[in-house]
Amino acid sequence: QLQASGGGLVQAGGSLRLSCAASGYAFTGFSDYAIAWFRQAPGKEREFVAAISRSSRALSYADSVKGRFTISRDNEKNTVFLQMNSLKPEDTGVYYCAASGSGSYSKKLSHYPYFGQGTQVTVSS
């Protein structure tokens with residue numbers, strides 16, 4: 001399973017660090033998985049935020065978070081991180097991590113068969 005954590009309430013301009021921990025038999029080869037973060041604001045569709053390939057050589061960010069968010073991974077700990085700086089009220093939403101055994105990332109939801117339960121991020125103005 002995928003377990004997202006680290007969300008909370010923060011003022012605009014603040015920072016949060018989200019974690020996505022993978023466990024269970026399906027993720028014994030965690031280093032082979034590409035991992036992505038998506039978010040969903042109330043009344044809106046789930047949207048792509050960031051992704052990292054299995055080798056960490058390929059990274060991708062939504063235009064709205066470039067320069068503010070950083071995705072990274074620690075394969076020894078089966079964990080992917082999303083460092084979020086300079087947060088804005090429009091970053092508010094439930095953040096989900098997702099995994100794909102293909103090893104390559106995509107911005108499409110359908111690319112990822114595994115999703116975590118989500119963690120709430122609220123940015124106040």
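For the structure, see preceding data.
Engineer: Just give me the short version of the state of the cysteines, but keep the residues and values in it.
Structural biologist: Under the definition given, this model contains one disulfide. At a sulfur-sulfur separation of 2.2 Å, the disulfide partner of Cys20 is Cys97. Its S-S torsion of approximately 70 degrees makes the covalent link between Cys20 and Cys97 right-handed. Of this pair, Cys20 sits in strand S3 (residues 16–22) while Cys97 sits in strand S9 (residues 93–100), and the two are 77 residues apart along the sequence. A relative accessible area of 1% places Cys20 in the buried class.

Engineer: Talk me through the environment of Gly103; I want residue IDs and the actual numbers.
Structural biologist: Assignment of secondary structure puts Gly103 in the loop between S9 and strand S10 (114–115). Judged by relative accessible area, Gly103 falls into the buried class, the value being 6%. Along the primary structure Gly103 and Leu82 are separated by 21 residues, whereas in three dimensions their C-alpha atoms are 18 Å apart. If we ignore the near neighbours within four places in the chain, the residues touching Gly103 are Asp32, Tyr33, Ala34, Ser53 and Arg54.

Engineer: Lay out the pairing of S9 in plain terms, naming residues and giving numbers.
Structural biologist: Taking burial as the measure, the eight residues of S9 include seven buried ones, the bulk of the element. Note: strand S4 (residues 34–40) against S9, seven bridges, orientation antiparallel. Looking at the pairing, Arg39 lines up with Tyr95 of S9. Summarising the sheet, S9 and strand S11 (residues 119–124) pair through three bridges and their orientation is antiparallel. Counterpart to Gly93 in the pairing with S11 is Val121. Both S9 and S10 contribute to a ladder of two bridges, which runs antiparallel. Across the sheet, the residue bridging to Ala99 is Tyr114, located in S10.

Engineer: Describe the nonpolar core, naming the residues involved and giving the relevant values.
Structural biologist: Core analysis: the biggest nonpolar cluster contains 35 residues, and Trp37, Leu82, Met84 and Tyr95 have the highest contact counts within it. Secondary structure elements with two or more residues in this core: strand S1 (2–5), S3, S4, strand S5 (47–52), strand S7 (69–74), strand S8 (79–84), S9 and S11. In terms of residue count, S5 provides more of this core than any other element does, five residues in total. Aside from chain neighbours lying at most four places away, what touches Leu82 is Leu16, Arg17, Leu18, Trp37, Val49, Ala50, Phe69, Thr70, Ile71 and Tyr95.

Engineer: Describe in detail the pairing of S3, supporting the description with residues and values.
Structural biologist: Counted residue by residue, S3 has five buried out of seven residues, so it is predominantly covered. As paired strands, S1 and S3 are joined by four bridges and run antiparallel to one another. What sits directly across from Leu2, in S3, is Ala22. For S3 and S8, the ladder comprises six bridges, and the chain directions are antiparallel. Note that in S8 the partner of Leu18 across the bridge is Leu82.

Cut-offs applied
Residues numbered from 1 in each chain as written. Predicted model: local features only at pLDDT ≥ 70, side-chain atom pairs only at ≥ 80, totals over all residues. Heavy atoms only, no water. Disulfide = S-S within 2.5 Å. Helix = DSSP H or I, 4+ residues; strand = E, 2+ residues; numbered from the N terminus. Buried < 20%, exposed > 50% of the residue type's maximum accessible area, 1.4 Å probe, protein only. Contact = heavy atoms within 4.5 Å. Pairing = 2+ DSSP bridges. Core = buried A, V, L, I, M, F, W, Y, C linked by side-chain atoms within 4.5 Å.

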